[in-house]
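Listed here are the chains, written in short residue letters.
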Amino acid sequence: CMGWCAGNFFGRQKNTNIRVSLPAVCFVWQIAMIILFGVFIRYNEESDVRKWIEFKHSHNITSDIENDFYFRYPSFQDVHVMIFVGFGFLMTFLKRYSFSGVGFNFLIAAFGLQWALLMQGWFHSLDPNTGKIYIGVENLINADFCVAGSLIAYGALLGKVSPVQLMVVTLFGVTLFAVEEYIILDLLHCRDAGGSMVIHAFGGYYGLAISWVLYRPNLHQSKRLNGSVYHSDVFAMIGTLFLWMFWPSFNSAITAHGDGQHRAVINTYLALASSVLTAVAISSMSQKRGKLDMVHIQNATLAGGVAMGTAAEFMITPYGSLIVGFCCGIISTFGYVFVTPFLEKYFKIQDTCGIHNLHAVPGMLGGFVGAIVAAAASVEVYGREGLIETFAFEGDFATRSVLTQGGYQAAGTCVAITFGLVGGALVGFILKFPIWGDPADDNCYDDEVYWEVPEDEETIPPVLEYNNHMIHKHQDISESNFSVEQS
Amino acid sequence: CMGWCAGNFFGRQKNTNIRVSLPAVCFVWQIAMIILFGVFIRYNEESDVRKWIEFKHSHNITSDIENDFYFRYPSFQDVHVMIFVGFGFLMTFLKRYSFSGVGFNFLIAAFGLQWALLMQGWFHSLDPNTGKIYIGVENLINADFCVAGSLIAYGALLGKVSPVQLMVVTLFGVTLFAVEEYIILDLLHCRDAGGSMVIHAFGGYYGLAISWVLYRPNLHQSKRLNGSVYHSDVFAMIGTLFLWMFWPSFNSAITAHGDGQHRAVINTYLALASSVLTAVAISSMSQKRGKLDMVHIQNATLAGGVAMGTAAEFMITPYGSLIVGFCCGIISTFGYVFVTPFLEKYFKIQDTCGIHNLHAVPGMLGGFVGAIVAAAASVEVYGREGLIETFAFEGDFATRSVLTQGGYQAAGTCVAITFGLVGGALVGFILKFPIWGDPADDNCYDDEVYWEVPEDEETIPPVLEYNNHMIHKHQDISESNFSVEQS
Amino acid sequence: CMGWCAGNFFGRQKNTNIRVSLPAVCFVWQIAMIILFGVFIRYNEESDVRKWIEFKHSHNITSDIENDFYFRYPSFQDVHVMIFVGFGFLMTFLKRYSFSGVGFNFLIAAFGLQWALLMQGWFHSLDPNTGKIYIGVENLINADFCVAGSLIAYGALLGKVSPVQLMVVTLFGVTLFAVEEYIILDLLHCRDAGGSMVIHAFGGYYGLAISWVLYRPNLHQSKRLNGSVYHSDVFAMIGTLFLWMFWPSFNSAITAHGDGQHRAVINTYLALASSVLTAVAISSMSQKRGKLDMVHIQNATLAGGVAMGTAAEFMITPYGSLIVGFCCGIISTFGYVFVTPFLEKYFKIQDTCGIHNLHAVPGMLGGFVGAIVAAAASVEVYGREGLIETFAFEGDFATRSVLTQGGYQAAGTCVAITFGLVGGALVGFILKFPIWGDPADDNCYDDEVYWEVPEDEETIPPVLEYNNHMIHKHQDISESNFSVEQS
């Protein structure tokens with residue numbers, strides 16, 4: 001047993017049979033969710049029939065159109081698509097890991113959003129009188145936001161972990177997220193509509209830290225599968241485009257009704273547009289014949305949306321948004337060209353999807369952009385009521401100045417990064433134990449480990465059928481001993 | 001002629017040339033639609049400019065936001081995506097039948113929704129005074145719902161029928177649907193917002209009954225094409241994910257404004273989340289090394305949405321929704337592992353997509369869950385007004401008790417199943433005539449029958465080019481007589 | 001230099017190294033956008049926090065739901081998906097040009113919508129007092145519409161141009177669009193909600209004219225790559241379906257609130273449904289065994305949506321919409337079968353995607369249908385207020401009769417076509433200069449020219465591995481001189 005453990009710990013042999021561990025984790029955690037929901041989760045006053053009718057009476061509301069459902073649902077739909085199709089298909093780019101990319105994303109998001117409803121519910125929607133968490137569509141959106149942090153982390157680990165490990169990453173990721181979100185949004189009273197800090201910076205550094213702890217010295221043995229093929233790159237563009245198109249909804253989903261949502265959409269739309277142009281430019285410049293690299297087009301074109309997360313609801317001005325996207329497209333693409341290989345070589349951080357360049361750094365930049373824009377806010381631009389409304393300068397925070405707000409925004413960015421790094425390191429060590437069914441260094445990026453994969457070739461082309469026939473006719477008895485390598 | 005008919009009837013030869021029958025059906029039925037629309041279909045008062053202006057005046061409505069368009073259109077968009085992309089791409093999983101899967105789904109849905117507008121219009125939107133059917137966006141949503149029943153049936157028949165047969169399946173499927181929907185929703189006064197009974201149970205058993213009548217004893221001759229390849233499985237995940245993500249919209253699309261739609265979204269979202277975890281768990285347990293099967297991930301993860309169709313708008317509580325999804329994920333996956341092969345072997349039901357496990361059984365369960373939840377409804381939970389509103393205890397049904405309602409809900413489930421089985425058997429016999437251009441038993445699951453399919457291989461890889469060259473150099477004159485099998 | 005230019009001009013040698021030109025264009029134009037946005041673009045009163053609060057006060061608006069965001073955003077989302085996923089994936093059908101199809105569509109749309117916000121802003125949203133352009137979500141929708149014209153043109157040029165040329169096509173395309181849109185919608189006071197004239201007829205003839213000027217006499221040398229493979233056809237269906245499903249949103253996106261948007265959705269939905277049936281019918285009839293052609297299903301099924309662009313908001317009646325779709329499905333498919341080859345052979349117009357049949361002709365027909373329906377409008381059908389509202393018979397146009405309106409609608413169609421043809425010819429000549437990095441005639445339809453393309457084969461199947469082994473064992477020293485063709 002000691003020998004087996006030692007053998008596993010040093011990567012000589014890995015048992016990837018998850019026939020007990022994966023179902024156990026799924027069943028036990030799902031039953032736990034049911035019990036916890038039974039104890040804590042109830043419909044809020046906009047989704048409970050009795051309470052909504054009472055609410056309309058007491059607030060003299062005549063039309064159902066005032067139900068928050070109609071303000072938030074269109075945005076919710078888009079966020080949901082980003083979580084499941086956007087992230088899911090973006091991670092199908094590997095030639096032989098598409099099932100795991102989209103499939104495990106599906107699994108951990110489905111679990112994570114339930115756990116997030118609880119975690120975030122305890123922090124934000126818990127009624128101290130009844131001890132219940134009351135949920136509505138805004139909780140669903142926030143749960144999707146919360147789980148995004150763990151999906152971002154998956155991007156760094158893609159191909160190198162088992163689904164059981166991913167469930168652990170998500171369990172802790174959601175928990176850490178709920179805590180840091182509470183600290184940043186409630187205690188520090190930051191604004192972060194699109195989560196540059198609480199989602200992207202946190203999720204990015206969380207994934208990088210885990211990956212650093214789980215560094216695989218012989219990962220090069222799986223090199224042949226660590227890349228794309230023609231059609232897997234096209235599949236990944238489905239993910240890219242749905243993320244890109246719906247990012248305005250993402251950044252406006254929980255913004256203030258009215259002008260807030262409207263402005264967040266415009267700002268995000270513009271930042272994303274300019275980051276496409278600069279990502280294409282740098283990608284072309286970085287190849288000797290100017291040829292574009294699909295990895296850049298799939299990822300760096302999204303950097304503007306990440307960086308605009310915090311400032312989307314501020315009066316950053318349309319050209320301000322273009323500038324943010326312009327810069328982040330450049331920085332992100334440079335990251336893919338230079339920084340990711342550098343991090344792998346000198347810092348031992350293996351980052352499969354390059355989340356450092358799309359989430360970690362642009363998220364951090366987005367947090368600082370938000371800090372600057374907040375500090376520069378003025379009554380002339382926002383109006384007195386507008387300033388109060390945008391930064392929620394109410395209650396305990398009524399006397400806060402915009403400079404102070406800017407300072408807190410910067411602090412919030414640092415909190416998010418810290419939670420990511422420290423939390424990720426801890427989770428990484430938990431995942432180092434040889435009990436999770438993760439693959440050996442020479443068996444990464446391969447769906448065969450966790451999936452029943454259908455026959456390898458799309459069809460056996462007739463010419464190959466014929467070739468097979470010819471070869472079998474010519475072969476000697478002695479050839480029959482050649483063991484055909486099973487892929 | 002008799003011999004030819006006999007030969008066809010016993011499957012010895014099949015004429016799959018549809019150059020006359022398919023265009024004839026399309027042209028004649030489309031012209032019929034135009035004529036019937038000309039006689040019957042008009043814009044309703046929310047889409048007719050003159051009537052809407054009058055309506056606003058007479059109801060003292062100042063804002064256009066009260067137009068039902070704004071309440072229903074976001075849901076409509078999502079339902080529409082489920083019908084065309086969700087079902088369409090879910091049926092691209094076969095290695096050589098993707099064109100027919102997505103293409104015939106497209107065709108029969110485009111026809112079916114026109115016929116549904118008429119059929120459902122006669123039942124629900126016909127003004128006895130004018131004799132016209134007045135339509136708005138809610139009719140479009142209901143038409144999409146109606147056609148879903150026939151698309152579900154296609155799932156059982158996928159690969160084994162001609163497009164002309166599918167048009168017939170749809171013609172009758174829509175007609176049967178409109179009748180059973182009227183019986184269940186209007187006469188029995190059941191509630192079935194997401195159609196567990198009227199769509200899924202009906203559609204599932206309809207397809208199974210047709211497939212049973214059209215049983216093919218030598219279908220094993222097409223075995224090599226009855227399966228997926230790597231990338232067709234990834235295409236199918238597009239379908240799965242769009243169905244999964246938009247199911248909350250599906251189940252809330254025609255629910256009562258306000259809290260009803262809001263709650264249906266929450267309930268469906270949760271049921272779907274838990275069915276993912278249990279589907280993954282059972283899939284892993286059912287393989288000796290714990291490997292997941294894409295068929296389960298593509299289909300059984302959706303079972304929660306099907307089963308939540310009836311109860312979505314009820315106060316089933318969030319943990320109640322999780323329990324429904326938990327159970328249905330298990331039942332559905334077991335169905336794929338054990339029941340579908342069993343049904344094929346002992347009941348002669350060949351079910352290509354396993355609709356038994358995703359629609360028929362979960363739909364039936366959803367109907368019974370709805371019956372139980374309805375019977376358990378109380379004034380404490382719903383409020384007096386809420387109870388009346390949720391179950392429409394008005395007019396002729398004002399004195400109905402919740403227990404009675406529960407009984408009718410259960411009866412409604414049985415009506416839906418009966419319509420499916422009896423209707424399907426009848427349609428099956430109509431389709432047995434050898435006039436529809438269906439393929440022979442050894443020619444199923446093959447796009448070549450009805451489509452001009454491009455060259456088989458994606459590219460001829462250079463190594464294969466070289467191989468071809470080498471083999472041709474070495475081959476004997478005698479080899480040239482080998483007839484290369486055309487795929 | 002002269003010799004080099006002459007050599008290039010006559011196509012003997014082409015330098016496709018865009019390492020300087022593409023980044024230069026992207027950087028310079030993006031910086032220009034930033035400067036122009038800084039000078040001109042501001043948030044409008046619905047997206048500016050200070051102004052929205054003032055607006056609510058001054059108009060006694062109590063609820064944020066009145067913000068135009070809630071009226072327009074759902075439609076905007078769908079239009080955005082059509083532009084990036086719809087057009088983008090529709091152009092992935094070529095076997096080796098999917099990266100360029102979806103990738104260059106992405107690039108030029110991201111640039112084009114910024115330039116469109118300026119161009120259209122100068123025409124429509126410029127405040128003469130302040131000299132600023134005030135933008136909101138309706139401007140974003142109009143920018144997406146504007147860019148669609150250039151994306152349509154790309155369809156004719158797909159495979160034959162460099163990305164730098166496409167940027168030029170877009171720069172001029174957006175400019176021309178803004179001018180013709182102003183002439184047609186403002187000066188002629190036409191109605192064209194879904195852009196049959198201003199988007200489709202213009203964009204179609206623009207692309208055809210450019211293609212005619214850039215005619216390549218030896219394009220047949222790239223014939224082997226000018227076609228699809230099995231899975232690229234399935235990818236293209238993603239584009240087709242998203243275009244088809246969201247076209248109702250496209251045609252209703254900028255229609256009058258309330259009944260206008262509602263009716264436009266119904267009319268478009270119906271026209272699209274009937275064009276599917278007739279496209280399938282003609283496709284089947286045009287092949288001797290009735291087999292369908294994916295090109296028809298991918299494109300001609302959309303013709304109903306194009307043709308309904310102008311008349312969608314009119315009271316064309318539901319059966320009127322079915323008739324429009326019925327006819328356009330036939331015309332469009334005939335176009336693909338007969339007209340496109342004819343145009344290539346006799347008119348020297350090489351039209352890769354057949355935009356003539358989907359956009360140019362159906363757009364023109366849609367314009368004329370709109371003219372007829374407008375001329376036939378009456379007070380009985382529309383109501384007095386409705387007539388004024390639908391055709392905006394206000395201000396300078398208050399005394400216009402419907403017959404005059406119809407005449408202007410027909411004139412508008414001619415203006416759109418003229419702008420397309422003349423503008424396209426001019427742009428074509430600009431693009432003929434050998435400075436844009438376009439490929440040689442034997443190097444078209446190939447992603448390798450502008451992209452780093454991953455390894456050609458999806459995987460090397462085991463049987464091929466074995467074959468390789470066998471062949472290498474048998475080969476003679478003399479074979480080693482055979483130069484393997486690099487694809």
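Residues numbered from 1 in each chain as written. Chains lettered and ligands numbered in written order. Predicted model: local features only at pLDDT ≥ 70, side-chain atom pairs only at ≥ 80, totals over all residues. Heavy atoms only, no water.

As recorded in an unreviewed UniProt entry, chain A goes by Rh family, C glycoprotein, like 1 and comes from Sander lucioperca. Taken from UniProt, the Function (unreviewed entry) comment for chain A reads in full: "Functions as an ammonia transporter. May play a role in the elimination of ammonia in the gill." Its UniProt record gives chain A the following Subcellular location (unreviewed entry) comment, quoted word for word: "Cell membrane". (UniProt positions renumbered as here; feature names shortened; annotations may be inferred.)

Trainee: I tried to follow the overall build of chain A on my own but got confused; where do I start?
Mentor: Within chain A, the secondary structure is distributed over 18 helices and three strands. In terms of overall dimensions, chain A is globule-like: its C-alpha atoms have a radius of gyration of 24 Å, near the 23 Å expected for 487 residues. Sequence separation of at least 24 residues holds for 82% of the intrachain contacts in chain A that already meet a minimum separation of 6. Averaged over its 26 positive side-chain charges, chain A has a centre that lies 7 Å from the centre of its 41 negative ones. (Helix = DSSP H or I, 4+ residues; strand = E, 2+ residues; numbered from the N terminus. Rg over C-alpha atoms; globule rule 2.2 N^0.38 Å. Contact = heavy atoms within 4.5 Å. Lys, Arg positive; Asp, Glu negative; His and termini not counted. Charge placed at Lys NZ, Arg CZ, Asp CG, Glu CD.)

Trainee: What is the right way to look at the relation of the copies chain A and chain C in this model?
Mentor: The relation between the two chain copies is a rotation about an axis coupled with a shift along that axis. Superposing chain A onto chain C requires a rotation of 120 degrees together with a translation of 0.0 Å along the rotation axis, leaving an RMSD of 0.0 Å. The transformation just described matches what one would write down for a three-fold rotation axis. Within chain A, A:P74 has its C-alpha nearest the rotation axis, a separation of 3.7 Å. An asymmetric contact is evident, with only 16% of the interface residues of chain A recurring at the interface of chain C. (Least-squares fit on C-alpha atoms with pLDDT ≥ 70 in both.)

Trainee: Hey, could you run me through helix α6 (residues 137–157) of chain B in this one?
Mentor: Each full turn of the α-helix corresponds to 3.6 residues, which orients residues three or four apart in the same direction. Residues and elements named next belong to chain B. Look at α6: 31 Å from first C-alpha to last across 21 residues, which is about the 30 Å you get at 1.5 Å a residue. The element α6 is largely enclosed, with a buried count of 20 among its 21 residues. In the stretch just after α6, G159 is the one whose phi turns positive, near 95 degrees. (Expected span 1.5 Å × (residues − 1). Buried < 20%, exposed > 50% of the residue type's maximum accessible area, 1.4 Å probe, protein only.)

Trainee: Looking at this structure, I do not really get the sheet that holds strand β3 (residues 132–135) of chain C. What am I missing?
Mentor: All names here are of chain C. Taken in spatial order, the three strands make up an open sheet running β1-β3-β2, and their pairing is mixed. Both edges of this open sheet fall to β1 (41–43) and β2 (126–127), since each of them pairs with a single strand only. As judged from the two bridges shared by β2 and β3, these two strands associate in the antiparallel manner. By the bridge assignment, L126 is partnered in β3 with I133. (Pairing = 2+ DSSP bridges.)

Trainee: Just to check I follow, could you spell out the relation of the copies chain B and chain A for this structure?
Mentor: Once chain B has been moved 0.0 Å along the axis and rotated by 120 degrees, it coincides with chain A to within an RMSD of 0.0 Å. The residues that chain B uses at the interface reappear at the interface of chain A in only 17% of cases, marking distinct surfaces.

Trainee: How should the UniProt feature "domain: Ammonium transporter AmtB-like" (unreviewed entry) in chain A be read in this particular structure?
Mentor: Here, UniProt's "domain: Ammonium transporter AmtB-like" (unreviewed entry) annotation points to residues 68–449 of chain A. The span residues 68–449 of chain A carries 70% helix and 2% strand; its end-to-end C-alpha distance comes to 45 Å.

Trainee: Quick question: what am I supposed to make of the pairing of β3(C) here?
Mentor: A regular strand carries its side chains on alternate faces of the sheet. All names here are of chain C. Direction of pairing for β1 relative to β3: parallel, over a ladder of three bridges. When the sheet's bridge partners are listed, R42 is paired in β3 with Y134. Once β2 ends, the chain turns through four residues before running back antiparallel as β3, passing G131 with a positive phi of about 70 degrees.

Trainee: Just to check I follow, could you spell out the interface of chain A and chain C for this structure?
Mentor: Each partner contributes to the interface: chain A provides 90 residues, whereas chain C provides 92 residues. In total, about 8,100 Å² of surface goes out of reach between chain A and chain C, with carbon and sulfur atoms giving 71% of it. The interface formed by chain A and chain C holds 27 residue pairs in polar contact (both at pLDDT 80 or more) in total. Of all elements in the fold, only α4 (68–90), α9 (230–252), α10 (259–285), α11 (294–299), α13 (318–347), α15 (379–382), α16 (384–391) and α18 (462–474) of chain A reach the threshold of two or more residues within the side of chain A that touches chain C. For the side of chain A that touches chain C, the residue count by class is 45 nonpolar, 26 polar and 19 charged. (Buried area = accessible area lost by both parts, 1.4 Å probe. Polar contact = N/O pair within 3.5 Å; in protein donor to acceptor, adjacent residues only side chain to side chain. Nonpolar A, V, L, I, M, F, W, Y, C, P; charged D, E, K, R; others polar.)

Trainee: In this structure, what is going on with the interface of chain B and chain A? I would like to understand it.
Mentor: Interfaces are often sized by the amount of accessible area the parts lose when they come together. Listed as interface residues are 90 residues of chain B and, on the opposing side, 93 residues of chain A. When the two sides are added together, the surface that chain B and chain A hide from each other amounts to roughly 8,100 Å², 71% of it contributed by carbon and sulfur. Linking chain B to chain A there are one salt bridge. Among the ionic pairs, B:K291 bridges to A:E448, the shortest N-O distance being 4.0 Å. Linking chain B to chain A there are 27 residue pairs in polar contact (both at pLDDT 80 or more). No other element matches helix α10 (residues 259–285) of chain B, which puts 19 residues into the side of chain B that touches chain A. Class assignment of the residues belonging to the side of chain B that touches chain A gives a composition of 45 nonpolar, 26 polar and 19 charged. (Salt bridge = Lys/Arg side-chain N within 4 Å of Asp/Glu carboxyl O.)

Trainee: Is there a simple way to explain the pattern of salt bridges in this structure?
Mentor: It is possible for side chains of opposite charge to pair when their charged atoms get near one another. Following the criterion strictly, the structure yields 25 salt bridges over all chains and no others. The partner of A:R72 in a salt bridge is A:D68, with the nearest N and O atoms 3.9 Å apart. Of the two residues, A:R72 and A:D68 both sit in helix α4, four residues apart, roughly one turn of that helix. Accessibility classification places A:R72 together with A:D68 in one group, the buried group. Note that B:R50 is salt-bridged to B:E54, the shortest N-O span being 3.4 Å.

Trainee: Mind showing me how you'd approach the packing of helix α14 (residues 355–375) of chain C against helix α17 (residues 402–430) of chain C here?
Mentor: For any two helices packed against each other, the geometry is given by the interaxial angle and the distance between the axes. Residue and element names in this part refer to chain C. Two elements in contact, α14 and α17, have axes whose closest approach is 7 Å; the angle formed by their N-to-C orientations is 170 degrees. Classified by the interaxial angle, the pair formed by α14 and α17 is roughly antiparallel. Packed against α14, whose contacting residues are M364, G367, F368, G370, A371, A374 and A375, the element α17 presents V402, L403, Q405, G406, Q409, A410, T413 and I417 at the interface. Looking at the contact of α14 with α17 residue by residue, the class counts come to nine nonpolar, six polar and no charged. (Axes fitted to C-alpha atoms, helices over the stretch in contact; angles between N-to-C directions. Parallel < 35°, antiparallel > 145°, perpendicular 65-115°, else oblique.)

Trainee: Would you mind showing me how to read the state of the cysteines here?
Mentor: On inspection of all chains with the given rule, the structure shows zero disulfides over all chains. Looking at the unpaired A:C353, the closest cysteine sulfur is the one in A:C444, lying at 14 Å. Classification of A:C353 as buried rests on a relative accessible area of 12%. Among the cysteines around B:C190, which has no disulfide bond, B:C414 carries the closest sulfur, lying 10 Å off. (Disulfide = S-S within 2.5 Å.)

Trainee: Looking at this structure, how should I read unusual backbone geometry?
Mentor: When glycine is set aside, most residues are seen to have a negative phi, and most peptide bonds are trans. Phi is positive for B:N60, which is not a glycine, with a value near 55 degrees. Position of B:N60 among the secondary structure elements: in the loop between α3 (49–58) and α4 (68–90). Even without being a glycine, C:H189 presents a positive backbone phi close to 55 degrees. Among the structural elements, C:H189 can be located in the loop between α7 (163–187) and α8 (196–213).

Trainee: For this particular structure, what's the right way to read the packing of aromatic side chains?
Mentor: Aromatic ring pairs are reported here in terms of the distance separating the ring centres and the angle at which the planes meet. This structure, assessed with the given rule, holds 96 aromatic pairs over all chains. Ring geometry for A:F177 against A:F202: centres 6.2 Å apart, planes inclined by 75 degrees, an arrangement best described as edge-to-face. Of this pair, A:F177 sits in helix α7 (residues 163–187) while A:F202 sits in helix α8 (residues 196–213), and the two are 25 residues apart along the sequence. We note that A:F177, like A:F202, is buried. Between the aromatic rings of B:W115 and B:W122, the centroid separation amounts to 5.9 Å while the plane-to-plane angle is 80 degrees, which identifies the pairing as edge-to-face. (Phe/Tyr/Trp six-rings, centres within 6.5 Å; stacked < 30°, edge-to-face > 60°.)

Trainee: Explain the sheet that holds strand β1 (residues 41–43) of chain A here, please?
Mentor: Two strands in a sheet stick together by hydrogen bonds in their backbones, pointing the same way (parallel) or opposite ways (antiparallel). Residue and element names in this part refer to chain A. Overall, mixed pairing links the three strands, which are arranged β1-β3-β2 in an open sheet. In the strand order of this sheet, the two ends are held by β1 and β2 (126–127), each with one partner. Where helix α2 (residues 21–40) meets the sheet, it contacts β1 and β3 (132–135), and its direction lies at approximately 55 degrees from that of β1.

Trainee: Hey, could you run me through the environment of B:V79 in this one?
Mentor: Residue and element names in this part refer to chain B. By the secondary structure assignment, V79 is in helix α4. A relative accessible area of 0% means that V79 is categorised as buried. Linking V79 and W247, residues 168 residues apart in sequence, is a C-alpha distance of 7.8 Å. V79 has contacts with D144, F145, S249, F250 and A253, leaving out every residue within four places of it along the chain.

Trainee: Even after reading the chapter, I still don't get a nonpolar patch on the surface, so can you show me in this structure?
Mentor: All names here are of chain A. Together, I31, I35 and V39 line one region of the surface with nonpolar side chains, adding up to about 250 Å² of accessible area. Checked against the element boundaries, I35 lands in helix α2. Looking at I35, the relative accessible area reads 53%, which means it is exposed. (Patch = residues over 30% accessible without salt bridge, like charges linked within 9 Å, V, L, I, M, F, W, Y side chains within 5 Å. Areas by Shrake-Rupley, 256 points an atom, 1.4 Å probe, with all protein chains shown as cover.)

Trainee: For this particular structure, what's the right way to read the side chain of A:T340?
Mentor: Counting through the fold element by element, A:T340 comes out in helix α13. Non-local contacts of A:T340, meaning those with residues more than four positions away in its chain, are made with A:G335, A:D351, A:G354 and A:N357.

Trainee: What is the right way to look at the confidence of the model for chain A in this model?
Mentor: Keep in mind that low pLDDT regions are not for reading the predicted coordinates in detail. All names here are of chain A. The predicted model of chain A averages 90 in pLDDT, with 91% of residues at 70 or higher. Here residues 458–469 is modelled with pLDDT under 50, and outside its nearest four sequence neighbours on either side it reaches 32 contacts, counting other chains as well. Considering only residues more than four positions removed or in separate chains, one finds that residues 472–487, a stretch of pLDDT under 50, has 17 contacts. Our summary of model confidence lists the complex with pTM equal to 0.91 and ipTM equal to 0.90. (pLDDT = per-residue confidence, 0-100.)

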